[in-house]
Amino acid sequence: VLDWEPEELKRHSSVSTGIGRAVWEKTKINILDTPGDSNFINDSRNCLSVADSCLLVVSAVGGVEVNTEKMWGLAERLGVPRIILINKCDRERANPEQALKEITEHLHPGVIQLHLPIGREGTFQGVVSVMSGKAFTYEGASGKGKEIPVPADMEADLAKAYKAIVEAVAETDEALMEKYFEDDDLPDEDVRAALPTLIQAGDLVPVLYGAASRNMGMDLLLNVLV
């Protein structure tokens, strides 16, 4: 949508920054769609200096690349809060788990998974929201998730991901840490109240999953952005 110049259409990638907007849940989101190509990285640098937040897209096929690390480092130095989307989970050779491993090794060891992918490659169906404990699948390109029961083989991973979020939240605040040590848990309302502030401060970096070309998981991504 935002790549319209002849050179961009030829390359299938951005040459200059595209500016767009979207309205979701009565909230206006201003979008700076910056080039990912290293030849045009200065445009991305300029945009990061004025952006409120950064959505960093990592391919489930290619994983963390050199430019990913460059943009991550710049966003970190500028103090821009980050959200990571592991995209293309539906593609051949997609490996979301390996992409997450590379993110923890090369970008940030303490990222939290707000979503979990259901399947991979041709079996990718949708995502599980860790905080709500709800699973959503997508049919066609409507982008509207249909709630389903959490797959039985994912229940242990869901519990583990939620526990990791609770621990990450507790580590950022002394009072919450004391409460966590007393009960080996935190009330869900405490975790939900703390998350937006911690993400905006850059203390926590959430990871989401999806397949943008098929509009899978994008509604939940927009919810997180809002």
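Our structure is the block above this text.
The rules behind the values
Along each chain, residues carry numbers from 1 onward, in the same order as the chain's sequence is written. In view of the model being predicted, local features appear only for residues whose pLDDT reaches at least 70, and side-chain atom pairs are presented and counted only at 80 or more, with totals across whole chains, interfaces and linings using the full set of residues. With hydrogens and water stripped out, all remaining heavy atoms of the structure feed into the side-chain values. The set of buried Ala, Val, Leu, Ile, Met, Phe, Trp, Tyr and Cys residues whose side-chain atoms join them within 4.5 Å is what this entry labels a nonpolar core. Burial here depends on accessible area, computed with a 1.4 Å probe over protein chains only, as a share of the maximum for the residue type. Under 20% is buried, over 50% is exposed, and the range in between is partly exposed. Helix numbers and strand numbers start at the N terminus; a helix is a DSSP run of H or I with at least 4 residues, a strand a run of E with at least 2. One bridge is not enough; two strands pair if DSSP finds at least two bridges between them. When the centres of two rings from Phe, Tyr and Trp lie within 6.5 Å, Trp using its six-membered ring, the rings pair. Their planes under 30 degrees apart give stacked, over 60 give edge-to-face, and anything left gives tilted. Note on geometry: a ring has a charge over it if NZ (lysine) or CZ (arginine) is within 6 Å of the ring centre and within 35 degrees of the ring normal.

A. Broad picture of the nonpolar core. Residues Val128, Ile165, Val169, Leu186, Val191, Leu195 and Leu204 are the most contacted members of the largest nonpolar core, which totals 32 residues. Tallying contributions element by element places helix α5 (residues 155–170) first for this core, with 8 residues.

B. Layout of the pairing of strand β8 (residues 134–137). Where strand β7 (residues 126–129) meets β8, 4 bridges bridge the pair, whose relative direction is antiparallel. Each bridged residue has a counterpart across the sheet, and for Val128 the counterpart in β8 is Ala135. From the end of β7 to the start of β8, which pair antiparallel, there are 4 residues, and Gly133 there has a positive phi angle of about 70 degrees. Here β8 runs beside strand β9 (residues 146–148); their pairing, made up of 3 bridges, is antiparallel. Looking at β9, one finds that Ala135 is bridged to Ile148.

C. Spatial organisation of the packing of aromatic side chains. What the rule picks out here adds up to 1 aromatic pair. Measuring from centroid to centroid gives 6.2 Å for Tyr180 and Phe181, while their planes differ by 50 degrees, and the two rings are tilted. Looking at Tyr180, the relative accessible area reads 9%, which means it is buried. Taking the ring centre of Trp72 as reference, the NZ or CZ of Arg82 above it sits at 4.7 Å.

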